[in-house]
Amino acid sequence: MHVTKLLLLTPSLALLAAIAPETSHVYDVVRYGAKCNAVTTGGAHTTLARAASPGASSVTMASVANVVPGAQIYLDPTVASTQEVRYVRAVSGGDVTFSAPLERAHQAGAVVYGSGGYVSGTDDTAKINAAFAAAANDPHATVLFPAGTCAISGPLNASVSGLTVAGAGMHATMIVAMPGFAYDPARTPRGLDGQYAGMLWTDLPEPPPARGISKPQPPLQHLTIRDLGLDTRAGIQKHFYNYNAISGFARAMQWFTVRNVFFELGAPLSFTDLVKPFTGINYIVLAYDPANSSHDLTFENIEAHNGVGTIQLRQGAGYTVAPCPPVVHDTITGIKILNEHDTIDLNDIEDDRIVLTAKGCNPGAEMDDILVSGQVVTVAPSVTTGGANGLKIEAANAMMRNVQYTDAQYTGSPSGSYLPSGTRIGSGNPFGALIFDRNSGMTNVVVSHVRAVNSEGVGAILRGGPAGEPVSLTFDDLTLTNGYAPTCVRLSALAPPSGRDQIHVFNVTCSSAPEARARFGNNLAGIFFLPTGGVSTNGVSGDVEIRNSRLTGYSRPLFIYGGGGFKGVVVDGVSWDSGRPAVDPSTIMRNTPH
């Protein structure tokens, strides 16, 4: 009898469970009606097998790999006067029927590019945002996504403090942008050069001002995004960078964590295209409010496939204030990027995988205490145009202090070629540090345990700070082989020597590629010190050392600018296989076998 009663009660219990309110702080998007049934396809890269005339609804392609009904196809994507975008209605053999007839003629051999991403499925935007709205008043809420592919046509409002956005795994849960992905410009904050929204959007919707740019929003605290993937590819930019996978504008982010997240970002249509360049995590302005600066930003186990950047964080201090304050007081602290992996196998990608920018409209901004560890960048041999850098740090009207870049691997494409400028496309710099003006500086920067092949080498522009602060920079345990650039390690000084500078270049192994030797000849240098900024006396002095390094294949294995500010550099235990050093007469050479 007891068993029978339990069986009879089971349907009622199931019904009650289906309609019961949330009781565990978990807001499952499926319970709010999301279907997560979208279908996606990979990108297509082919040509027209036969010419196509205006008015034609079908074309013949050399290959129909990844060309499926619903796919977004660009014909002649790199030629603005002939470019057309169509959606596939049907595929039969090599013949592809479009949703609308062509307006222009396209020659046999014309390039056909399929962006990949969404091709069909329910638009889940409203249902998912209903879950976010229900979670908005719960300071411990988790908005939960199932295993599956959820299609959205607009931003998801991940804009309240204390929220966790979670999926079933970075490759198990995918949120994909639909071709019509758009935001409401009447409710989206405005920046200096546009409005910015994310698929996961961390801004509070608010009307932009009638004139100028939006004011800072209240800080967003304790937001976690984990265990899911985002696919931007089918979307179309209306303005350069107007939407990306995870984004916000003019808002301080505090205790912000992104963990175990995958980005499928696609590639631009051409080197100059503004329709398809997408990034993973992009913050143009991380607010200006000295009492509420951004801090404790953690990005861990991040993977990205293609795109024009994975993590790009820019300070933008003072840019939301008119007029700009004479001195900007804003300090971003505690950025950790751990185990970020990039794979690039499409052409025309030209950007930095990680960018960290300390920047103010006037002097006074700072970005401090940065750790980037375990980055892996792989540019496939199929890449012949474009390229990618690993980490770029930069300062403009700002200081950057205490930066550590370690345990990094970089592999460039061997299939690129040289531009007239001498830049090698298909490759990039594992690390670069830039200072844009005399109001800026960097100190206590450590780059260690870096392995790179087919790269453009590493470099830094040196300046301790606007008040004559000393420079502190260490390059330690770098192995850079088959390098394509005219230098392997390049240090340029933007300020006079302080006499207290600390520059350590230790345990560096460099070798040049045959292509570099042919291209640069007698101008090919291993370790290179040079003043910049138009002042020949700029340099560094104090504790400046190059130790225990091996340089192979350089006509000038060491170049230390003579007659300038590079005085008393110690060179100890450095060897080379060819060429002759060109160094300032004050250079102290020890234990060099030549």
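Only a predicted model underlies this, so the values are computations on that prediction, with no experimental measurement involved.

Attention shifts here to the state of the cysteines. Counted under the stated rule, the structure contains three disulfides. With its sulfur 2.1 Å from that of its partner, Cys36 forms a disulfide with Cys150. With the S-S bond torsion at 90°, the cross-link from Cys36 to Cys150 turns out right-handed. Taken together, the positions of Cys36 in the loop between strand S1 (26-28) and strand S2 (39-41) and Cys150 in strand S11 (residues 148-152) put the pair 114 residues apart, joining distant regions of the chain. What makes Cys150 buried here is its relative accessible area of 0%. Disulfide pairing is shown between Cys324 and Cys361; the S-S distance is 1.8 Å. Between Cys324 and Cys361 the disulfide shows an S-S torsion of about 80°. By sign, it is right-handed. Here Cys324, found in the loop between strand S24 (311-314) and strand S25 (330-344), pairs with Cys361, found in the loop between strand S26 (349-359) and strand S27 (365-373); they are 37 residues apart in sequence, far enough to count as distant. Take Cys324: its relative accessible area is 25%, and that puts it in the partly exposed class. By relative accessible area, Cys361 is classed as buried at 19%. When the bonded cysteines of the protein chain are counted from the start of the sequence, the pairing works out to 1-2, 3-4, 5-6.

As judged from the nine bridges shared by strand S36 (residues 501-512) and strand S38 (residues 542-552), these two strands associate in the parallel manner. Each bridged residue has a counterpart across the sheet, and for His504 the counterpart in S38 is Glu545. Taken together, the six bridges between S38 and strand S40 (residues 570-576) define a ladder with parallel strand orientation. Looking at the pairing, Ile546 lines up with Val571 of S40.

Before going further, it helps to examine the side chain of Asp342. Residue position: Asp342 is located in strand S25. Assessed through its relative accessible area of 1%, Asp342 is described here as buried. At 2.4 Å, the side chain of Asp342 forms a polar contact with the side chain of Thr310. Look past the residues within four positions of Asp342 in its chain and what remains in contact with it is Ala304, Thr310, Arg353, Gln375, Val376, Val377 and Thr378.

Thresholds, definitions, all that
- Residues numbered from 1 in each chain as written.
- Predicted model: local features only at pLDDT ≥ 70, side-chain atom pairs only at ≥ 80, totals over all residues.
- Heavy atoms only, no water.
- Disulfide = S-S within 2.5 Å.
- Helix = DSSP H or I, 4+ residues; strand = E, 2+ residues; numbered from the N terminus.
- Buried < 20%, exposed > 50% of the residue type's maximum accessible area, 1.4 Å probe, protein only.
- Pairing = 2+ DSSP bridges.
- Polar contact = N/O pair within 3.5 Å; in protein donor to acceptor, adjacent residues only side chain to side chain.
- Contact = heavy atoms within 4.5 Å.

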